[in-house]
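Inside the fold
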Amino acid sequence: MIGREMAATRPRGDRAPEERRYYKLERKVWSLLAPLYDASGPLLSAIRERVVDLAAAPDGSRILDIATGTGKQALAFAKHGYDTVGIDLSDAMLRVAVRKSVSEKAHFVIADATMMPFPDGVFDVAAISFALHEMPVTVMRRALAEAARVIRTGGQLIVIDYALPGSRVASFLVYNFVKLYEGRYYADFIKLDVRELLSEFGIKVTAERAAISGAVAIKKGIREK
Ligand SMILES: C[S@@+](CC[C@H](N)C(=O)[O-])C[C@H]1O[C@@H](n2cnc3c(N)ncnc32)[C@H](O)[C@@H]1O
């Protein structure tokens, strides 16, 4: 199993200019925001436990938290005794995660979600929270392909991200509020049919929960083959 130390991965040389911009910006933004990120915590903390409950993974399951940031979702799984690995691009965010980690069950690794340093099918559950909406669609698709690769057949992928409430007024308000502080890819992400997208990677959504009055959706998918 991977240790608590961080292992670097090499960047891709063949990235399109838009992707290069995205990687540069992500690293810069999160190295600045890392010390502040957990201040946004209380609103989202309840979601972390709901994700663990929804996964209902048997004891001994191996968990991957993709784009783990400061490790909140990873640490929620580890607290329940699961061997958990959190990966992220940002060493600043991971340093916060490592600092908070009191569990030997949690390990953190610097890695890109689009080229994970793991063999096929080694995880029973992977989660990705509040990260897909930050990615250009090409990066998002590669990250989902990688997520599908590293979970076993019958394993789970749980996607936690922005959604829009059912009512038109609430949807208008949430969309325009989130757009004030989110990056350029949020507007594309929110139009996506995430169920449909996951099905392209062999993941069938079997359960969905709304959180924060429908502004967030938790989707649990199963890798079918
Ligand atoms: C909004 S934060 C979410 C962190 C955490 N998942 C949470 O729910 O609190 C987005 C995180 O995604 C990470 N990230 C973005 N693109 C990534 C990629 N291609 N590979 C790995 N991590 C990525 C960023 O470094 C950042 O820590």
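Here the structure is shown first, and the text comes after it.
Our subject in this report is the structure included herewith. (Residues numbered from 1 in each chain as written. Predicted model: local features only at pLDDT ≥ 70, side-chain atom pairs only at ≥ 80, totals over all residues. Heavy atoms only, no water.)

1. Some details on the packing of aromatic side chains
Per the stated rule, a full pass over the model turns up 8 aromatic pairs. A centroid spacing of 5.1 Å and a plane angle of 85 degrees characterise the contact between Phe118 and Phe123, whose relative ring orientation is edge-to-face. Since its relative accessible area comes to 2%, Phe123 is described here as buried. Ring geometry for Phe130 versus Tyr162: centroids 6.0 Å apart, planes at 70 degrees, classification edge-to-face. Taken together, the positions of Phe130 in the loop between β4 (123-129) and α5 (137-150) and Tyr162 in strand β5 (residues 151-162) put the pair 32 residues apart, joining distant regions of the chain. Cluster of aromatic residues (ring-pair linked, three or more members): Phe130, Tyr162, Tyr175 and Tyr186. Taking NZ or CZ as reference, Arg15 lies 3.6 Å from the ring centre of Tyr23, over its face. (Phe/Tyr/Trp six-rings, centres within 6.5 Å; stacked < 30°, edge-to-face > 60°. Buried < 20%, exposed > 50% of the residue type's maximum accessible area, 1.4 Å probe, protein only. Helix = DSSP H or I, 4+ residues; strand = E, 2+ residues; numbered from the N terminus. Lys NZ or Arg CZ within 6 Å of the ring centre and 35° of its normal.)

2. A word on the site of the ligand
Residues in contact with the ligand amount to 20 residues; listed here are only the nearest, Tyr22, Tyr37, Ala67, Asp88 and Ser129. Note that an oxygen atom of the ligand is positioned 2.8 Å from one of the side-chain N or O atoms of Arg48. Within the backbone of Ala67, a nitrogen or oxygen atom sits 2.7 Å from a nitrogen atom of the ligand. Bound to the protein, the ligand loses 98% of the 600 Å² it would expose on its own. The element that contributes the greatest number of residues to the shell around the ligand is helix α1 (residues 17-37), accounting for 4 residues. (Near = heavy atom within 4 Å. Polar contact = N/O pair within 3.5 Å; in protein donor to acceptor, adjacent residues only side chain to side chain. Areas by Shrake-Rupley, 256 points an atom, 1.4 Å probe, with all protein chains shown as cover.)

3. As for the pairing of β5
The element β5 is extensively covered by neighbouring structure, given that 9 of its 12 residues are classed as buried. Across 6 bridges, the pairing between β4 and β5 is parallel. Note on β5: the bridge partner recorded for Ala127 is Ile158. Taken together, β4, α5 and β5 form a β-α-β motif whose crossover is right-handed. (Pairing = 2+ DSSP bridges. Right-handed = clockwise from strand over helix to strand, strands pointing away.)

4. Focus on a nonpolar patch on the surface
Among the surface-exposed residues, Leu32, Leu33 and Leu36 lie close enough to one another that they form a single nonpolar patch of about 310 Å² accessible area. With respect to the helices and strands, the residue Leu36 is situated in helix α1. Residue Leu36 is classed as exposed on the basis of its relative accessible area of 57%. (Patch = residues over 30% accessible without salt bridge, like charges linked within 9 Å, V, L, I, M, F, W, Y side chains within 5 Å. Salt bridge = Lys/Arg side-chain N within 4 Å of Asp/Glu carboxyl O.)

5. Regarding the sheet that holds strand β6 (residues 203-211)
Spatial ordering of the open sheet is given by β3-β2-β1-β4-β5-β7-β6, a layout of 7 strands whose pairing is mixed. The sheet terminates laterally at β3 (106-110) and β6, the two strands that pair on one side only. Strand-to-strand twist in this sheet, taken as the mean axis angle between neighbours without regard to direction, amounts to 20 degrees. Of the pairings in the sheet, the one linking β5 to strand β7 (residues 216-223) comprises 7 bridges and is antiparallel in character. Residue pairing across strands places Leu157 opposite Gly221, the latter belonging to β7. (Axes fitted to C-alpha atoms, helices over the stretch in contact; angles between N-to-C directions.)

Taken by themselves, the reported measurements are silent on function.
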